[in-house]
There are 2 protein chains.
Amino acid sequence: MSAAALLRVDRERLWASLMEMARIGATANGGVTRLALSDEDKAGRDLFVRWAQELGCRIRIDAMGNIFARYAGTDETLAPVLTGSHGDSQPQGGRFDGIYGVLAGIELLRSLRDAGIRPRRSIEVVNWTNEEGSRFAPAMIGSGVACGVFDLEYGLSRTDREGRSLGEELQRIGYAGEGLPALQVHAAFELHIEQGPILEAEGLTIGVVTGGQGQRWYEGQFIGQAAHAGTTPMERRRDASLGLAELILLVNRIGLGVAPDGRATVGSARLTPNSRNVVPGRAEFTVEFRHPDADVLVEMDSRLREGIREIGARLRLEAALEQVFSYAPIAFAPHCVERVRDASERLGYPYRHMISGAGHDVLYVSRLAPSAMIFVPCVDGISHNEAEDIHPEWAAAGADVLLQAVLGAAA
Amino acid sequence: MSAAALLRVDRERLWASLMEMARIGATANGGVTRLALSDEDKAGRDLFVRWAQELGCRIRIDAMGNIFARYAGTDETLAPVLTGSHGDSQPQGGRFDGIYGVLAGIELLRSLRDAGIRPRRSIEVVNWTNEEGSRFAPAMIGSGVACGVFDLEYGLSRTDREGRSLGEELQRIGYAGEGLPALQVHAAFELHIEQGPILEAEGLTIGVVTGGQGQRWYEGQFIGQAAHAGTTPMERRRDASLGLAELILLVNRIGLGVAPDGRATVGSARLTPNSRNVVPGRAEFTVEFRHPDADVLVEMDSRLREGIREIGARLRLEAALEQVFSYAPIAFAPHCVERVRDASERLGYPYRHMISGAGHDVLYVSRLAPSAMIFVPCVDGISHNEAEDIHPEWAAAGADVLLQAVLGAAA
């Protein structure tokens, strides 16, 4: 085995870079607020570009403001290996969500440089625009446009709550690049915190991600009859809250029936008129299903529709359900997944295969190029929160695996 | 049986008065908006006062703006018989809620005058201030202060959403009277629409109301852990929405267990963060219990507390419950109830005994003087709504029974 096959990153340098970046938009409770295309995002981009240029990378900024830092390989005619993630954060978000994958990309280039390794293929570290979607909806708009999921005009015309467009804000912070060339990528790897509790609970350091959940989002309602809570006998009520209650339990049963990979959630609900002295006449709700197997999602859909019909009929409520979003399951390229698994094995990090329950930029990239993903644990599974945290050894382990996977693909 | 014992009101005149009053604050869809102490309420009060003065009534306005129109009896040293209700409405409310009882009082005096009957005791028709509570909370503040439940300063200092106090608004519309003498009442009767579906469903014309429901209002919550709906496995969730769902079903079971008189309602609920992609970390809810028997309310309270503890423990949720309001059951004076029942019988109106599920001014009066209440049906049980409606024959029947009950007590 060559020395390169066991090369690891400089864990102190990686952690120092994470901490330096975390000062930009730092919040009082240890998180960051670095909303897409804010002044803080600009400062974070500037730091990323400076670090990449110090490595001799060529910087390319596309029309969506996605930044590609290219570390040239020995054969520049070959398609590069892509890594990276996003630099924007949720409001009062965490210090690692997204930016960890970006800075691990910088660190792996530094480690290659220090080891005097120049791979055959170029390596590009990307910093995607507006992954979070908390300032401009939808999420993952930068990678989505770059991968042809949305068109450029749609992407640039997204507006925030103050009515400022994404395109204007790109101009304002000086990151409106030119062109949107079709992505030419040999293989792509994204490193990210798990944002869930599984790895930590099982004492594992690496998640070898084999694909992304398919998703179905629904909106529905039960309509009964609003009525005076004092004068309307129980047996004469058409109480929409009872429909909601049974729906919540139904969705939970559907989710438990497809454990451990499946998810089923009623995240949002609203009663009308929502007054303590009025029997609710209407209950609106959302349902969200996730599963890596499209056939299972179809089955979950059937159980939901059948269950809602039954509940409505039994409780004398009108029932309605509409699917408002769907996302097909993604299976990553087996040879990319194998690179991640193999690197974990070789480096001696305990790992498991798992599915990404959340959306990530590389899920769009995987439509165009062989891809895979690497997870590391985060404390208590907490993310999108100032309390988000990871241990330095987890951070280093993920970057080590990323380095090996990228290096292998670029060799 | 004397002629007076079968005297009835003039049903056309009663209906015409109701329709004339309904023009004040009339809404496009056939209801009224006559909020307490608004210009519309002032116009309604002016009309009431004019009609009462045409009957030779003496008008007294107390410091809460309650208007008492006194039709003198032959022995003015005796305590009067009180009837009436309230003239204010809900926003976009109905044409009969409250004002029907006030105008039936006017009509019964007209009928006595026309029949040349002057009873021994004086009869007072009252128009209470701010019964609805939709402009100034709490409801029934006019009768509440007059009956010593709240003090005058509290009553006058209630403010609406624009910050205007009840006392200022009384001054503005010219209905700030003087003094707040202790109520001297021989007996009191309030006529009101049922605001529920029972009488119409059973084909009955009169509800002989034997008392008012005791009420207990609660606020509670379940606290779990907000979590990413995509990355958090079902079996690791502490999903507060499940607590809410089970609570709603529990409260409904408690209500069904005390049918037909009992009521149990979760009217209001809120999930936090209430986002489709987040497992709810918190669920807040209200519970409202009503029953005419205080011991049953204690039993309902126990079942609720025990059930919430069990749900919280089973679902690994923190559970909290606080009682925020209670109202003891009221049993009306049997001899007053008997007058209502006897009048219904004598006049040939089909009736049943029932409990008032809603609050009414006479429930406060009953703390000081023997009282009872008369209900008439309303179409589909609808109230607090522009669609609120009653049939003219129901209106007349209720006023006939009121006339007989009042006349009997005043004889």
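Quantities reported herein were computed from a predicted structural model and do not represent experimental measurements. (Residues numbered from 1 in each chain as written. Chains lettered and ligands numbered in written order. Predicted model: local features only at pLDDT ≥ 70, side-chain atom pairs only at ≥ 80, totals over all residues.)

This part covers the overall build of chain A. Counting its secondary structure elements, chain A contains 12 helices and 16 strands. Over its C-alpha atoms chain A spans a radius of gyration of 23 Å, differing by no more than 12% from the 22 Å that the globule rule assigns to 411 residues. Across its three principal axes, chain A shows a C-alpha extent of roughly 80 × 45 × 40 Å. Burial status across chain A gives 58% buried among its 411 residues. Contacts in chain A between residues at least 24 apart in sequence constitute 77% of all its contacts with a sequence separation of at least 6. (Helix = DSSP H or I, 4+ residues; strand = E, 2+ residues; numbered from the N terminus. Rg over C-alpha atoms; globule rule 2.2 N^0.38 Å. Buried ≥ 20, exposed ≤ 12 C-beta atoms within 10 Å, placed from the backbone. Contact = placed C-beta atoms within 7 Å.)

Time to look at the environment of W128 of chain B. All names here are of chain B. Relative to the helices and strands, W128 resides in strand β4 (residues 123–128). Residue classification places W128 among the buried residues on the basis of 31 C-beta atoms within 10 Å. Sequence-wise, W128 and A146 are 18 residues apart; in three dimensions their C-alpha atoms are separated by 9.4 Å. In contact with W128, not counting residues within four places along its chain, are N66, S85, H86, G142, S143 and D361.

With that settled, the discussion passes to the interface of chain A and chain B. A common measure of how large an interface is: the accessible area buried when the components associate. Residue-level contacts link 48 residues of chain A with 48 residues of chain B. Here the element with the most residues in the side of chain A that touches chain B is helix α8 (residues 240–256) of chain A; it accounts for 8 residues. Taken together, the residues that form the side of chain A that touches chain B break down as 21 nonpolar, 20 polar and 7 charged. (Nonpolar A, V, L, I, M, F, W, Y, C, P; charged D, E, K, R; others polar.)

P273 of chain A follows T272 of chain A through a cis peptide bond whose omega is 5°. On the secondary structure map, P273 of chain A appears in the loop between β10 (269–272) and β11 (278–279). Cis geometry marks the peptide bond from A259 of chain B to P260 of chain B; its omega dihedral reads 5°. Along the polypeptide, P260 of chain B turns up in the loop between α8 (240–256) and β9 (263–265). Positive phi values are uncommon outside glycine, yet Q92 of chain A reaches one of about 50°. Along the chain, Q92 of chain A turns up in the loop between β3 (81–86) and α3 (99–115). For Q92 of chain A, a count of 16 C-beta atoms within 10 Å puts it in the partly exposed group. With a phi angle near 55°, R316 of chain B is a residue other than glycine that sits in the positive phi range. Positionally, R316 of chain B belongs in the loop between α9 (294–315) and β13 (318–327).

Another aspect to go through is the pairing of strand β1 (residues 58–61) of chain A. Residue and element names in this part refer to chain A. As defined by bridge partners, β1 adjoins strand β2 (residues 67–71) across 4 bridges and the pair is classed as antiparallel. What sits directly across from R58, in β2, is R70. Connecting β1 to the antiparallel partner β2 that follows it, the hairpin turn spans 5 residues, and G65 within it adopts a positive phi of roughly 80°. (Pairing = 2+ DSSP bridges.)

Take the packing of helix α1 (residues 11–22) of chain B against helix α3 (residues 99–115) of chain B next. Residue and element names in this part refer to chain B. Packing of α1 against α3 brings their axes to within 10 Å, and their N-to-C directions diverge by 140°. As summarised for this structure, α1 and α3 are arranged oblique, according to the angle between their axes. Considering the relative orientation of α1 and α3, their crossing is right-handed. Residues R13, L14, S17, L18 and M21 of α1 form the contact with α3, whose own contacting residues are I99, Y100, L103, A104, I106, E107 and R110. Grouping the constituent residues of the contact of α1 with α3 by class yields 8 nonpolar, 1 polar and 3 charged. (Axes fitted to C-alpha atoms, helices over the stretch in contact; angles between N-to-C directions. Parallel < 35°, antiparallel > 145°, perpendicular 65-115°, else oblique. Left-handed = near helix turned anticlockwise from the far one by under 90°.)

With that settled, consider helix α10 (residues 334–347) of chain A. Residues and elements named next belong to chain A. In a regular helix each residue adds 1.5 Å, so 14 residues correspond to 20 Å; α10 covers 20 Å between its end C-alpha atoms and thus fits that length. For α10, every residue scored as buried is listed here: C336, V337, R339, V340, R341, A343 and S344. Taken together, the buried residues of α10 touch β5 (187–193), β6 (206–212), β15 (351–356), β16 (371–376) and α12 (392–410). Immediately beyond the C-terminal end of α10, within one or two residues, lies G348, with a positive phi of roughly 80°. (Expected span 1.5 Å × (residues − 1).)

All names here are of chain B. You can see M21 is positioned in helix α1. The class of M21 is buried, set by 25 C-beta atoms lying within 10 Å. When the C-alpha positions of M21 and G207 are compared, they lie 25 Å apart, and in sequence the two are 186 residues distant. Setting aside residues no more than four positions away along its own chain, M21 makes contact with G44, L47, I99 and L103.

Superposition of chain A onto chain B requires a rotation of 180° combined with a translation of 0.0 Å along the rotation axis, giving an RMSD of 0.1 Å. Taken together, the rotation and translation describe the operation of a two-fold axis. Among all C-alpha atoms of chain A, that of A245 of chain A lies closest to the rotation axis, at 2.0 Å. Counting the interface residues of chain A, we find that 100% of their copies in chain B are interface residues as well, pointing to one common contact surface. (Least-squares fit on C-alpha atoms with pLDDT ≥ 70 in both.)

This paragraph deals with the domain arrangement of chain A. Residues and elements named next belong to chain A. Examined at the domain level, chain A breaks down into domain 1 (3–212 + 329–410) and domain 2 (214–327). Taken over C-alpha atoms, the centre of domain 1 sits 37 Å from the centre of domain 2. Between domain 1 and domain 2, the contact holds 4 residues from the first and 7 residues from the second. (Domains from an automatic or database assignment.)

Another point: helix α6 (residues 166–173) of chain A. All names here are of chain A. Looking at α6, one finds that the buried residues are L166, G167, E169 and L170. Buried residues along α6 cover an arc of 165° about the axis, so they all sit on one side. Immediately beyond the C-terminal end of α6, within one or two residues, lies G174, with a positive phi of roughly 80°. (Arc of directions from axis to C-beta.)

Let's shift gears to the environment of P377 of chain A. Residue and element names in this part refer to chain A. With respect to the secondary-structure elements, P377 resides in the loop between β16 and α12. Sequence separation between P377 and M19 is 358 residues, and the spatial gap between their C-alpha atoms is 18 Å. Those residues in contact with P377 that sit more than four places away from it in its chain are E194, L199, E200, T205, I390 and W394.

The next subject is the pairing of β10 of chain A. Residues and elements named next belong to chain A. Residues A269 and L271 point to one face of β10 and are all buried, whereas R270 and T272, pointing to the other face, are not buried. As judged from the 4 bridges shared by β10 and strand β12 (residues 282–291), these two strands associate in the antiparallel manner. Note that in β12 the partner of A269 across the bridge is F285.

Turning next to the confidence of the model for chain A. Per-residue pLDDT for chain A has a mean of 96; in total, 100% of the residues score no lower than 70. The ipTM value of the predicted complex is 0.86, and its pTM value is 0.86. (pLDDT = per-residue confidence, 0-100.)

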